[in-house]
Every structure is written in C-alpha cells, then in structure tokens.
Amino acid sequence: MKLIVGYKHGTNQAENLLELASKRAQLFNATVLIVTVMSEGMEKDQDLITEAETALEKAKTHFDNKEIPCETHLLIRGIDSGDDLVNFAKETQADEIIIGVKNRTKVGKLLLGSTAQAVVLNAPCPVVTMK
C-alpha cells in the first residue's frame, strides 16, 4: 500500500500530517510518499528548492526513526498544485492521499481551498483531510 502525504513545511499542520501518516502506515503496512509541490522553479528559485528538499529530508527522518518505508518527492512541473498531486497519485498508483486543509470563515467552510478541492474531487483514491 502507498500513502501520499501532501507536505508543506512550515504550516501548522505539517507535523500533525506526518504523525497521522505514520499511524496509518503502521496500521496498513504501507510505504509513505512525502510530496511537496512547487508550481514553478527556475534557477533564481534555487534557495527555495534547496529549502524544500531539506524540509523533505527532515520529514523523512520521522518515518526512518519508526522504520516505516518512506520516499520524498519534490514536484516542480509547472502545473496547479492540486492537479500535480492528483497526477502523481495516478502515476504511483497510490492507495490514499493525506492532505491538510485550512480553517475558513463560515462562508469559506462551504468550500475547501482550491488545492484541497482539486485533490478531493479528482483523486483516483480516497483522500484523508486534516485541519
């Protein structure tokens, strides 16, 4: 089984997503794919790319310490983050995607954020959301 974690370092949810993914991975004997999506990355963005790669490797240690199989993936393919995550799930034949959602106003609660909405509506597998 493969679990994808949509990971954005520095968010309030980042560590909680990793903990949820580790529990689910242990429960289902799964491999975790930690994925960070950057909509673009040029030479001028090398510092941001390096920062994202470092954050992914740090997140990977969370799973390495628990002896959970884990891979990291930095996607820079120039497409919308939600679409990129869905495409990656299809490419890897993922069994589940775990993503964070933001707290919203009363009106905003009727809709998910655009990335989360794209993933929930288009994913080829179940999606677990965490606020």
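Placed above this text is the structure.
Please read all numbers here as calculations on a predicted model, not as lab measurements.

The rules behind each value
- Residues numbered from 1 in each chain as written.
- Predicted model: local features only at pLDDT ≥ 70, side-chain atom pairs only at ≥ 80, totals over all residues.
- Heavy atoms only, no water.
- Core = buried A, V, L, I, M, F, W, Y, C linked by side-chain atoms within 4.5 Å.
- Buried < 20%, exposed > 50% of the residue type's maximum accessible area, 1.4 Å probe, protein only.
- Helix = DSSP H or I, 4+ residues; strand = E, 2+ residues; numbered from the N terminus.
- Contact = heavy atoms within 4.5 Å.
- Arc of directions from axis to C-beta.

1. Here we look at the nonpolar core
Then comes step 1: Core analysis: the largest hydrophobic core is formed by 19 residues, its most contacted members being Y7, L18, A25, V32, I34 and F63.
Then comes step 2: Of all the elements in the fold, those that place two or more residues in this core are β1 (2-6), α1 (14-28), β2 (31-38) and α2 (46-64).
Then comes step 3: Per-element accounting of this core gives the leading share, 5 residues, to α1.
Then comes step 4: With near-sequence residues (within four places) excluded, F63 lies in contact with L18, A21, S22, V32, I34, I68 and C70.
Then comes step 5: By size, the runner-up hydrophobic cluster in this structure holds 16 residues, among which are V35, V86, F88 and C125.

2. Side note on the environment of L33
Then comes step 1: Note that L33 resides in strand β2.
Then comes step 2: With a relative accessible area of 3%, L33 lands in the buried category.
Then comes step 3: For the pair formed by L33 and K2, sequence separation is 31 residues and the distance between their alpha carbons is 7.0 Å.

3. Focus: unusual backbone geometry
Then comes step 1: Positive phi is not limited to glycine here, since E67 has a value of about 55°.
Then comes step 2: Tracing the backbone shows E67 in the loop between α2 and β3 (70-76).

4. A look at helix α4 (residues 114-122)
Then comes step 1: Listed in full, the buried residues belonging to α4 are A116, A118 and V119. Angularly, the buried residues of α4 cover 160° about the axis, an arc narrow enough to put them on a single face. Residues of α4 that are exposed and point over 90 degrees away from its buried face: S114 and L121.
Then comes step 2: If you follow the buried residues of α4, they end up packed against α3 (81-92), β4 (96-100) and β5 (127-130).

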